[in-house]
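# Analysis of the macromolecular model
Chain residues, written in single-letter form:
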Amino acid sequence: MDKVLTRNVGVDNSQTIDVYRSRGGYEALRKACRMEPAAIIDEVKASGLRGRGGAGFPCGVKWSFMPKQPSADRPHYLVCNADESEPGTFKDRLIMEEDPHLLIEGCMISARAIQASIAFIYIRGEYVHAARVLERAVAEARAGGFVGRDVLGSGWSCEMIVHRGAGAYICGEETALMDSLEGGRGNPRLKPPFPAQYGVYGMPTTVNNVETLACVPLILERGSDWFKSIGPNERNTGPKLYCMSGHIKRPGVYEAPMGVELSQLIDQYCGGMLHSDRKLKACIPGGSSVPVLTAEECEGLKMDFDSIAERGSMLGSAAVMIMDESTDMVLVMERISHFYAHESCGQCTPCREGTGWIEKILRRMRSGGGRKEDLDLLESVSGHMMGTTICPLADAAAMPCQSFVKKFRHEFEHYVHHGRSVLVAS
Ligand SMILES: Cc1cc2nc3c(=O)[nH]c(=O)nc-3n(C[C@H](O)[C@H](O)[C@H](O)COP(=O)(O)O)c2cc1C
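Not measured: the values here are computed from a predicted model.

### Concerning the site of the ligand
Of all residues adjacent to the ligand, which total 24 residues, the nearest are G51, G53, G172, N209 and T212. Elements represented by at least two residues in the shell around the ligand include exactly β4 (205-209) and α17 (393-407). Here the shell around the ligand is built from residues that sort into nine nonpolar, nine polar and six charged. There are two domains that each give the shell around the ligand at least three residues, and those are domain 1 (17-228) and domain 3 (329-418).

See below:
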């Protein structure tokens, strides 16, 4: 498949508006400005585009939840979620650093579809370079008439604001993000009301991921049929960015058709396993918050939403972490648990206490003090965290824990009985 989402990556001065326009950029926005908002929504619905931020919700359907018309006291807002904090995920950064105008064009077309008057790009604080590149690009787009008052003479106006977060994983959750954007502490809100009714500053708001929005100009430019033709079926469509890391020769972001086989990603895109004499042991297919898959479960695995769900995990943010047979699974789970204990916002007791408990049990186990009741305790603590909190961060911490213990139980038991990893000789 020819590269489409990353077609400008690596081109000299790809961040500038001149280069972007010389390669066909902003023509899709020009087209969108001549279309009725409802027609843009229909086109995106027909493409089958599903959100690339983690949950895979159909993008056009989400847009259609917005009220039909904004009013003077109920303006509509678009928020681009550029928080990208899920461990192992680094695809949105590539788009923002290398092709910022693609994201800006995607934001503007999407803003027109939902009739937004402001498009916010909420970017994580650590992405200093990406934020600077974006800010420069937004200024260029505004000067060119693609952002701001009377966009391309259409009579429709939409401002764009790049807002830097302070670097908290929870601010990637859409309602915590909105609190943070408003200047408050990033705490998730109870739903309902949903953002389409009560979002930023209480106004109807749509939140979409960077990669989701970057797909939108391609859909308008080439049509929904073209987008749908990429991928295994109508529910899993379009080009996809995969963040490959771990025990592979060439880690990085790779564009491939939705549903590419995992073995193809490893062997053809990433040059194979890091040590060719070591076998695959496990893979986390969608970021640290999704259940781990064993090597057996990875056999013939297609990397799309539904195929991964059939194997009991999720495509999530497509952060694919490859682990070979030298990996200590207890150590990996301990490291993951530290992240969630650190990043829990503390609002809900099951999450605040549960993430801390999981981390403490695993740390004790790893340092040789494991008790035989610890595996049951891990299962019980994580079981009580799921579905009991305002936002899914608790589930994000509990799901990997449950899957690691279930699928690599003997490694945890070995720590309990021998005080060391199964990989370390006595
Ligand atoms: C704890 C947590 C962290 C999240 N972090 C991100 C993130 O960094 N980027 C993102 O796009 N979505 C993130 N999400 C998902 C968002 O809440 C939201 O579903 C997404 O931005 C919607 O965009 P999409 O429909 O285009 O996928 C996170 C969700 C949770 C529960």
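### Considerations on the sheet that holds strand β3 (residues 159-164)
Reading across from one edge, β3-β2-β1-β4 is the order of the four strands in this open sheet, with parallel pairing throughout. What marks the edges here is a single partner per strand, and that holds for β3 and β4. Between one strand axis and the next, the sheet turns by 20° as a mean value, whatever way the strands run. Relative to β4, strand β1 (residues 76-82) runs parallel, the two sharing five bridges. Within β4, the residue paired with V79 across the bridge is V207. Most of the contacts of helix α8 (residues 174-181) go to β1, to which it runs at about 105°, and overall it touches β1, β2 (116-123), β3 and β4.

### Overview of the domain arrangement of the protein
The domain boundaries assigned to the protein delineate domain 1 (17-228), domain 2 (240-324) and domain 3 (329-418). Using C-alpha coordinates to define each centre, domain 1 is positioned 28 Å away from domain 2. Here the residues of the side of domain 1 that touches domain 2 are counted per class, giving three nonpolar, five polar and four charged.

### Re helix α6 (residues 100-113)
If you check α6, its first and last C-alpha atoms are 20 Å apart, about what 14 residues at 1.5 Å a residue would give, namely 20 Å. Taking burial as the measure, the 14 residues of α6 include 14 buried ones, the bulk of the element. Just downstream of α6 lies Q115, where phi reads positive at about 55°.

Scoring rules and cut-offs
Residues numbered from 1 in each chain as written. Predicted model: local features only at pLDDT ≥ 70, side-chain atom pairs only at ≥ 80, totals over all residues. Near = placed C-beta within 6 Å. Helix = DSSP H or I, 4+ residues; strand = E, 2+ residues; numbered from the N terminus. Nonpolar A, V, L, I, M, F, W, Y, C, P; charged D, E, K, R; others polar. Domains from an automatic or database assignment. Pairing = 2+ DSSP bridges. Axes fitted to C-alpha atoms, helices over the stretch in contact; angles between N-to-C directions. Contact = placed C-beta atoms within 7 Å. Expected span 1.5 Å × (residues − 1). Buried ≥ 20, exposed ≤ 12 C-beta atoms within 10 Å, placed from the backbone.

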